[in-house]
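# Chains, contacts and geometry: an overview
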Amino acid sequence: MIRNRAAFERARKLQAIIFDKTGTLTEGRFGVTDTLVFASDVDEKQLLNYAAAVDAHSEHPIAKAIVGSAKEQLPVEGFKAIPGKGAEGRINGKQVKVVSPGYLREQNITANDKRIEELQAQGKTVVFALIDGALKGAIALADIVRPESKQAIAALKEMNIRCMMLTGDNKQVAKWVSEQIGLDEYFAEVLPQDKAAKVKEVQARGLIVGMTGDGVNDAPALAQADVGIAIGAGTDVAVETADIILVRSNPLDAVAIIKLAHATYRKMVQNLLWATGYNTFAIPLAAGALYSYGLLLTPALGAVLMSLSTVIVAINARLLHVAR
């Protein structure tokens, strides 16, 4: 939905677009990204199913993400929460614990695997699975990147638009997301009240800037940008502040609106050239400029051609098509 026609026309001139991370480029919820196995008597599927069985009784977002990633729901007995550290229960006669790194340190259990450090360096949350007291594996989780985000960024780059991201998350998380989808630049650890200042900072480079977001904290940045694009599934404040509202939470729709702005402008120029060209030719002809050569446009024929010109312009406008 286009709320500001002037901003829509400016969209064709965008040189940079800044995306809010959570809820725009990502889904704003945890998902399992990696499963590591440290022992030969258990595989990835089994480890994930065991962890999900224990976490099925927990309300923690990380626990819900693990449960949602498991293919099978196993029965658990004697479920017990470990306050601030995780949970445990018996599955198929085995005592299973899903715990945080803090629990391992507390119990003097060492996880000697370089992959864990790499995952944590990416800003991912890592939890560990113990079976009968032995460390059997680890599960890494992160905010899920929307599958459409990478396609959207690639399409924008083809249009020579610089792609950036704003997030309050730490640099490791921002870097990981940026590398996943191919961003040109990112701003990490940005406080909510500083988002508009970041947009102004990019504008100070002499770039025409668009901003896409969905939250209350994004409203000032949406207002500051040359073109503010809100996700329709976002907050009322963001929607009311934006120039353009996307009905779906899909970054590809931001690409579509920019393409639409380009296509609309092309149609406008085509129709203007046609109308100007017709009048440049027809008005002097009707005034008798070529009468000496035996050419004169009668009023009746002029009226017919004028109507035909209007029909041609209307048909050309109806042929507007934007490739998705």
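Overview of the structure. No experiment lies behind these values; they were computed from the predicted model shown. (Residues numbered from 1 in each chain as written. Predicted model: local features only at pLDDT ≥ 70, side-chain atom pairs only at ≥ 80, totals over all residues. Heavy atoms only, no water.)

### A closer look at a nonpolar patch on the surface
Spelled out, the test is: Patch membership requires more than 30% relative accessible area and the absence of a salt bridge. Residues of like charge join within 9 Å; the nonpolar side chains Val, Leu, Ile, Met, Phe, Trp and Tyr join within 5 Å. Residue burial considers only the protein chains on display, and all accessible areas are found by Shrake-Rupley using a 1.4 Å probe. The rule for a salt bridge is simple: a side-chain nitrogen of Lys or Arg has to be within 4 Å of a carboxyl oxygen of Asp or Glu. Helix and strand definitions follow DSSP, with helices as H or I runs of at least four residues and strands as E runs of at least two, each counted in order from the N terminus.
Nonpolar side chains collect at one region of the surface, where Trp274, Leu308, Val311, Ile312, Ile315 and Leu319 lie side by side and expose about 540 Å² of accessible area between them. At four residues, helix 13 (residues 299-318) tops the list of elements feeding residues into the nonpolar patch. The topology assignment puts isoleucine 315 in helix 13.

### Focus on the sheet that holds strand 8 (residues 162-166)
Note the threshold: By this definition, two strands are paired if DSSP reports at least two bridges between them. Angles here are taken between N-to-C directions and fall from 0 to 180 degrees, while the axes themselves are lines fitted to C-alpha atoms, restricted in helices to the stretch in contact. Here, two residues are considered to be in contact whenever any of their heavy atoms come within 4.5 Å of each other.
Spatially, the six strands line up as an open sheet ordered 9-8-1-10-11-12, and their pairing is parallel. Among the strands making up the open sheet, the edge pair consists of strand 9 (185-187) and strand 12 (244-246). Across the sheet, the mean angle from the axis of one strand to that of its neighbour is 20 degrees, orientation sign disregarded. Pairing of strand 11 (residues 227-231) with strand 12, which is carried by three bridges, proceeds in the parallel orientation. Within strand 12, the residue paired with alanine 230 across the bridge is isoleucine 245. Against the sheet, helix 8 (residues 171-181) engages strand 8 and strand 9, with an angle of about 155 degrees to strand 9.

### A closer look at the packing of helix 3 (residues 44-55) against helix 4 (residues 61-69)
Using the following cut-off: Roughly parallel means an angle under 35 degrees; roughly antiparallel, over 145; roughly perpendicular, 65 to 115; everything else is oblique. Should the near helix be turned anticlockwise from the far one by less than a right angle, the crossing is termed left-handed; should it be turned clockwise, right-handed.
In the contact formed by helix 3 and helix 4, the axes pass within 8 Å of each other and the chain directions differ by 130 degrees. In terms of orientation, helix 3 lies oblique with respect to helix 4. The hand of the helix 3/helix 4 crossing is left-handed. Taking contact as the criterion, the partners of Leu48, Ala51, Ala52 and Asp55 in helix 3 are, on helix 4, Ala63, Ile66, Val67 and Ser69.

From the geometry alone we can't say anything about function, so treat these as descriptive.
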